[in-house]
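Take a look at the letters that make up each chain.
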Amino acid sequence: MYKIKQRLLAHSILAVMSGCVVASAAHAGDVTGVLADPPSGQPLAGAVVSVAGNAQTAITDASGHFMLANLPAGHYTLTATHAASRTLSATVDVPAQGTVSAMFNNVASLTKITVAANRYDASQIQMDATNTVNVLSADDLKYTAVHNVAEALGLLPGVNVFNTGQSYFGGIDGASRGEGMFTSVRGLNAEYNVNLINGVNVAQGMAYSRGVQLSLLPPSGLQTIVLNKTSTADMDGDAIGGTIDFRTPTAFDFSAPTSGSITASGRVESRARDYGDNGLGGGLAGEFQTKFGAAHQFGIYTSAFYDSRNYVNSESAGATAALGDRAWRFARTTATGDSAPGVDLERNLESTGMYLGTSSGDTHRYGGNVSFDWKVDDTLTTYARMTYAYAKTAQNTTYLQLIPANVSYSQIGSTGIYQPVIGRIATRFWYETNPEKADLGTIQFGADKSVGGWTFSPNLFFSWGHNDRPDHVEISARNDEYSSVNFPYGASTVMSYGANGLAYPMLTPAMTAQLNSVSTLYARRAGELTESYSGQEKGGAKFDARYDFNDGALTSLQMGVKYVDSHREFTNRDWTTPKFTDGSSFGSLGLIDGYYSSVFPGVYNYDAPTIDQAALKRLIAAHVVPGDLDTCSDLYINNWNCNTQRANEAVASAYAMATLKWGNLEVIPGLRLEHTDIRNTFWVIPQDASGNEIPGYFAKNYTHYNEPLPSVFVNYRPSENAVYRGAIWTSYTRPAFVQLGGGSQVSVSADGLTTITEGNPNLKPIESLNIDLSGEWSNQHGGHAMLAGFYKKLSNYIYEAGSNPVNAATVDAGSIQYIRPTNGGNGKVYGIEAAVRQKFQDLPAPLDGFGMGLNVTGQRTSVDLGMDGFRNERIQNAPNLMANGELFYEKDGFSVNLSYHYAGSYIATYDYLGRGGSWDDLWVRPITRVDLHAGYAFHNGIQLDLSISNLTKNYSYWSHVGKSSLALSDVVDSGMTTLVTAKYSF
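All figures in this text were calculated on a predicted structure; none of them were measured in a lab. (Residues numbered from 1 in each chain as written. Predicted model: local features only at pLDDT ≥ 70, side-chain atom pairs only at ≥ 80, totals over all residues. Heavy atoms only, no water.)

Undergrad: So what about the overall build of the chain? Which residues, and what values?
TA: A count of helices and strands for the chain gives 11 helices and 53 strands. In terms of C-alpha radius of gyration, the chain reaches 30 Å, essentially the compact-globule figure of 30 Å for 986 residues. Across its three principal axes, the chain shows a C-alpha extent of roughly 95 × 65 × 60 Å. Each of the 986 residues in the chain was classed as buried or not, and the buried ones make up 58%. Considering only intrachain contacts with a sequence separation of at least 6, the fraction spanning at least 24 residues in the chain is 71%. (Helix = DSSP H or I, 4+ residues; strand = E, 2+ residues; numbered from the N terminus. Rg over C-alpha atoms; globule rule 2.2 N^0.38 Å. Buried < 20%, exposed > 50% of the residue type's maximum accessible area, 1.4 Å probe, protein only. Contact = heavy atoms within 4.5 Å.)

Undergrad: Explain the sheet that holds strand E14 (residues 224-228) to me, and be specific about the residues and the numbers.
TA: What the 5 strands build is an open sheet, ordered E9-E14-E15-E12-E13; its pairing is mixed. With partners counted over all chains shown, the strands left at the sheet margins are strand E9 (133-136) and strand E13 (200-201), one partner each. As judged from the 4 bridges shared by strand E12 (residues 194-197) and strand E15 (residues 243-247), these two strands associate in the parallel manner. Counted as the bridge partner of Ile 197 is Phe 246 from E15. (Pairing = 2+ DSSP bridges.)

Undergrad: Can you tell me about the pattern of salt bridges, naming the residues and giving the values?
TA: Taken as a whole, this structure holds 31 salt bridges when the rule is applied. The shortest N-O distance in the salt bridge between Lys 661 and Glu 666 comes to 3.9 Å. (Salt bridge = Lys/Arg side-chain N within 4 Å of Asp/Glu carboxyl O.)

Undergrad: Can you tell me about the pairing of strand E46 (residues 894-903), naming the residues and giving the values?
TA: Two elements, strand E45 (residues 881-891) and E46, share 10 bridges in a ladder whose sense is antiparallel. Following the sheet pairing, Lys 891 is matched in E46 by Phe 894. The sheet contact formed by E46 and strand E49 (residues 927-937) spans 10 bridges and is antiparallel. Of the residues in E49, the one forming a bridge with Asn 897 is His 933.

Undergrad: Tell me about the nonpolar core, and please be specific about residues and values.
TA: Nonpolar side chains in soluble globular proteins generally cluster together in the buried interior. The biggest cluster of nonpolar side chains holds 47 residues, and the ones touching the most others in it are Phe 429, Phe 586, Leu 591 and Tyr 604. Counting residues per element, the ones that place at least two in this core are strand E21 (354-377), strand E22 (380-411), strand E23 (418-433), strand E25 (454-478), helix H8 (509-515), strand E32 (608-611) and helix H9 (613-623). The residues contacting Phe 429, other than those within four sequence positions of it, are Thr 398, Tyr 399, Leu 400, Gln 401, Ile 475, Ser 476, Ala 477, Val 518, Leu 521, Phe 586, Pro 609 and Ile 611. Core analysis: the second largest hydrophobic core is formed by 32 residues, Ala 322, Tyr 355, Tyr 399 and Ala 908 among them. (Core = buried A, V, L, I, M, F, W, Y, C linked by side-chain atoms within 4.5 Å.)

Undergrad: Account for the packing of aromatic side chains, with residues named and values stated.
TA: Enumeration according to the criterion identifies 33 aromatic pairs in this entry. Taken together, a centroid distance of 5.3 Å and an interplanar angle of 20° make the contact between Phe 292 and Phe 298 stacked. Ring centres of Tyr 724 and Trp 777 lie 5.7 Å apart, and the angle between their planes is 75°; this geometry places the pair in the edge-to-face category. On the criterion of sequence distance, the pair formed by Tyr 724 in strand E36 (residues 722-733) and Trp 777 in strand E39 (residues 766-778) is long-range, its members being 53 residues apart. On the basis of relative accessibility, which here comes to 37%, the residue Tyr 724 falls in the partly exposed class. The ring of Phe 737 carries the charged tip of Arg 210 above its face, separated from the ring centre by 4.2 Å. The residue whose ring lies beneath Arg 326 is Trp 328, and the NZ or CZ to ring-centre distance is 5.8 Å. (Phe/Tyr/Trp six-rings, centres within 6.5 Å; stacked < 30°, edge-to-face > 60°. Lys NZ or Arg CZ within 6 Å of the ring centre and 35° of its normal.)

Undergrad: How would you explain H9 if you had to name every residue and give the values?
TA: Those residues of H9 that sit buried are Ala 615, Leu 616, Leu 619 and Ile 620. The buried residues of H9 all sit within an arc of 135° when viewed along its axis, so they share a single face. Relative to its buried face, H9 has exposed residues pointing more than 90 degrees away, namely Lys 617, Arg 618, Ala 621 and Ala 622. Two or three places before Ala 614, at the opening of H9, Asp 612 has a side-chain oxygen 3.0 Å from that residue's backbone nitrogen. (Arc of directions from axis to C-beta. Polar contact = N/O pair within 3.5 Å; in protein donor to acceptor, adjacent residues only side chain to side chain.)

Undergrad: How would you explain the pairing of strand E17 (residues 280-292) if you had to name every residue and give the values?
TA: Burial within E17 is extensive, with 10 of its 13 residues counted as buried. In the sheet, strand E16 (residues 258-269) pairs with E17 via 11 bridges, with the strands oriented antiparallel. If you follow Val 268 over to E17, its bridge partner there is Leu 280. Of the strand pairs in this sheet, E17 and strand E18 (residues 298-317) are connected by 11 bridges, and their pairing is antiparallel. Note on E18: the bridge partner recorded for Gly 283 is Asp 307. Here E17 hands over to E18 after 5 residues, with Gly 293 in that stretch at a positive phi of 105°.

Undergrad: An account of unusual backbone geometry is needed here, citing residue identities and associated values.
TA: The peptide bond linking Asn 486 to Phe 487 adopts the cis configuration, its omega dihedral lying at -25°. Along the polypeptide, Phe 487 turns up in the loop between E25 and strand E26 (495-497). Notably, Asn 406 is not glycine yet its phi reads approximately 55°, a positive angle. Position of Asn 406 relative to the elements: it lies in strand E22. The backbone of Asn 796 shows a phi angle near 60°, a positive value even though the residue is not glycine. With respect to the element layout, Asn 796 can be found in the loop between strand E40 (783-795) and strand E41 (809-813).

Undergrad: Can you break down the sheet that holds strand E7 (residues 99-101) residue by residue, with the values?
TA: The strand order across the open sheet formed by 3 strands is E4-E1-E7, and the pairing between neighbours is mixed. A strand with exactly one partner marks an edge of an open sheet, and here the two such strands are strand E4 (65-68) and E7. Between one strand and the next, the sheet's axes are offset by a mean angle of 20°, whatever the strand orientation. Pairing geometry for strand E1 (residues 30-34) and E7, over 3 bridges, is parallel. Residue pairing for E7: Asp 30 is matched across the bridge by Thr 99. (Axes fitted to C-alpha atoms, helices over the stretch in contact; angles between N-to-C directions.)

Undergrad: Explain a nonpolar patch on the surface residue by residue, including any values.
TA: A contiguous nonpolar surface patch, about 530 Å² in accessible area, is contributed by Ile 728, Leu 769, Ile 771, Leu 773, Tyr 791 and Tyr 830. In terms of residue count, E39 provides more of the nonpolar patch than any other element does, 3 residues in total. Secondary-structure assignment places Leu 773 in strand E39. (Patch = residues over 30% accessible without salt bridge, like charges linked within 9 Å, V, L, I, M, F, W, Y side chains within 5 Å. Areas by Shrake-Rupley, 256 points an atom, 1.4 Å probe, with all protein chains shown as cover.)

Undergrad: Quick rundown of the environment of Ser 584? Include the residues and the values.
TA: You can see Ser 584 is positioned in the loop between strand E30 (554-576) and strand E31 (592-596). Overall, the relative accessible area of 15% leaves Ser 584 in the buried class. Each C-alpha atom, one on Ser 584 and one on Asn 605, is 27 Å from the other, the two residues being 21 residues apart in sequence. Discounting chain neighbours no more than four positions away, the residues touching Ser 584 are Tyr 482, Leu 521, Tyr 522 and Ala 523.

Undergrad: Outline the side chain of Ser 949, listing residues and values.
TA: Here Ser 949 shows up in strand E50 (residues 942-949). The exposure class of Ser 949 is buried, given its relative accessible area of 7%. At 3.4 Å, the side chain of Ser 949 and the side chain of Asp 931 are in polar contact.

And the structure:
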C-alpha cells in the first residue's frame, strides 16, 4: 500500500508540471531595477551595479533605481555593492531589444539562497557563507556529461567519488555499472555525511549502511548543490564528513513573472558500441515557474525529468576470483603453501584463475520537483516543497571462469622452497541478474514569520527511500560437474602479465575451445533466486527562532528544536533449486540467444553468450518451489525470517547559537544537544544441546546516545573581496543498524557452553573533534580563490563492513559466550584544499573569454581499526591526493570547457583475503578522466551543448590485492560517454 502511495505521489508531480500553462516571457534589452536594503527594506542609493564579464556599471539614485542601457543580448549576472549592505546578486536574460527588470537576492545569507545559476553566483555564495562551503551551480551541472550528482560532486575539492560499496552490489559488481554511486568528503566515507534535499534529511534506503546511493539522482533533476564542510549548531550533528544539500528552485528565484524551459538529450556509450550494441540513451526534462496574484504573492515552480542509458561494460575479475574460488597462491611457498620465509607477501602473490565477463543492462530514471510559495505579507512567507526520483536498473553479468583445482606444492630443487603445481583447471560459466529498484522522495511544509526583531520558522517534513533487489537470479554451468579430470594442467602458474599490467591466461587449445563453447558445458541447476528489500521512512518537525538586535556587539540570537522519527526494514530470502542429474547441457536450457565475439574487446577474445531474460524468468518460475527456501538454515520458518531486520530511530535535538560582531570580526558560538533512541528487531535462531536447529523468534535490543556538540566559528571580513574563517566544532556518526541489531544465532555445545552471535547495541557512536581554517578571495575581474586546512580527531572508529560484523570479538560471561561487533580506536584526518578560478576578461577581445580553474586536495588519514595488525590503517575510500583542472572559453553565448579529474589510490576493503594483516587490503588504482564540453546559446532561447566524459577512454575501475601488487586485479572498462542536449527557454 505504501509503495502505491509513492507511485501516486510521483505521478502527481508529473501531472502538476503537465498541467501548467505556459505564458510568454517579458521582452528586454535595457536592464532596470530598484535596490533595497534587505534588513530594512529602505532604498539603497549610491550602490554600484556591475555586470560580470562586462565593464559596464551603473549607480543607483536616491530611490534605489538604476539602468544598464544597450546590453548585447545574452545571459548576465549582476552584482550590486554598497558600503551599508552586503553584496546583492541577480541574473537576467537580455534579448535583442526591450527592457527587463532585475530582481536581486541578498547573497549574504546562505540559507536564503536556493539557486546558483552560474559559477559567479556560486563563488559569491561561498564568499558570503558563515561556514566553509562549496557550491555547484546550474552551469556546473550543465557543462558535464557525468551520469548523476555523485559524479558531479567530484568536481569539488575534498570529494572522492567511488562506484561501488559494501552492500549487495559491492565490489566489481557495483563498479561494472560504470557510474559513480557514493562520495567521501574530506576523507570520511559515505555514511559519515548528511544528505539533504532542500534542507530535508533524506531517507537512507541502503542495506547494511547509513549511506545514500546518490547515483539515483541525475544532474538534470537539481539546480544547485551546496556542500557544507563545517557544521554550525543549527545543523544536524551526525556529519563528520560533510552536509550535502541538493536544492531545487522556487518561482521567486527567477526575475521574470513567468518562464520555463524544455530540454531534450541524447546519449551514447562507446563501450557498448564496441560490443556491437547501440549504447544509446536519452532524456527529456522540463521546468516551469510563474508568479501570480494581485501583488505576485504566489509562486509555483515545477519540473520533471526522464532519462535512460543502455550499457555494456567489460570486466576482468582476478581479485574476485581469488576471493570467491581461492584462485590465488603464493609463488614461493613452504611445503604447506604458506609464503616462503623472507619473501614480501604482496609481491609473492600469483593468480591461478580468473573471471572474464560483461556487465550489460539499462537504467531508467524519472522524477520531478514541485514548489509552492505564498508571500502572505511583508512579515509572513509560507511554502510547500515536494521532490521525487525513481530509478530502475537492469544489470546482467556474464562470467567465463577459469578455476584452479588439485593444487599441490613441489620443492624447487633442494632449496627448501616450494612452488604450487596446478593439477587441473576447470572451465565454467556463471551468470547473474542484479536488478535494482530505488526511489527517494521528500515533502515539506514550512513558514517564515517576522514579528519585531524575531523570525520564527516552523517546518514539517517527511522522506522515504528504497533500494530493492527483486528477482536476483544466479545460474551456472561447468565442464567438471560430473567428473574431476578435465582439464589437466601441471604448471606452477596460469597467468602472464603484459606491459599494461593485465593478466593473460595461458590456456591449452582444448581449454580455449571449451571456453568458447559455453553451450556444451553441463548445466548445474535451474538457478538460485534471491529477493532483497531495504527501505526507510523518515519524518519529523523542527522549529527555529531568531532575534536580530539593532545595535551592540550581539547582532543575533538563534535557537531551535528538531525531532526526527524513522523506521527502516530489510529482508533477504533465497531459494536454491536442486542440481541436475541427467547430464543436461547449458545450451539445452534454451537461454542463449546470441554471442559477443569478444568478452573484453581488444584484450580477451573469447566468445561470451548473451542470455534471453524472458526465457530465464520462465525457467526460474518452472523450477523454484517453496521447499527450495534455504536463506541461512534448515527450518522453513527460520529461513523466512533470519535475514529480516527492523529498526526504529528517534532523534531529538535542541540548539542555541549567537552572532557577535566587532567591526569586520564575527564570532558565532553555539551548542547543540542530540538524544537518540534506537530499537532494533531481529530474528534469533537457537539450537538445542545436541546442536539441532529449533524454530526461532523475534527479539529486540535498545540503544541510546546523548551527544553534546559545542562549536565556535570566527569570521573576519576585511573587505567585500576577502574572508578568513576559523572553526572548532564537534560531530558524531551513529553505527549502522546491522551492527547494532543484526540477526542472532544461538548454539549450545555438549558441555553446556552457549555461544550467541549477534549485533551489539552497546556500540559507541563515532565522535570527532574538528578544526577548520580557510580564506577566500575574489576580485572584480572574474576571479575567485580559496585555501583551507582541516583536522579531525576521531574516536570509537567503525569502518564499513556490509553485513559482516565489524571487529567481531568474543566475550565470555560464565556459561555464555558472546560474539559481537566492537568499536575500533582513535584516528585522525588532516589536509589542505586549494581552489582558484580566473576568467581573463581584461585581455583584449576575443581573448577575454578565456579562463582557467584548478582545485587540489592533499589529505592524510590514519585510524585504529581495533584489531591486531590494523592499528594504523588508511580510511576507506580516502585518496591522499585529488585534483580537478579546467581550461574554458566563454563569450557571446559560446562556451568550451576542457577538464581533467584525478583521484589517487585508496583502500576499498580491509584484509580482503582474510589473512589477518593489512598487506592484503584491496586497493583501487588512481583514476584519471578528461572531459570536454562545447555549447552555444542562441538569441532565440535555444541552447545546444555537447559533452564528452572520459575522452581518453581510461579504465573506470581497477582494484588489486596489496598496495604494490597487480597480480590479483579487478578491472572495469566502461568507455566514453557522449551527451548532446538541446534546451529551449521561454
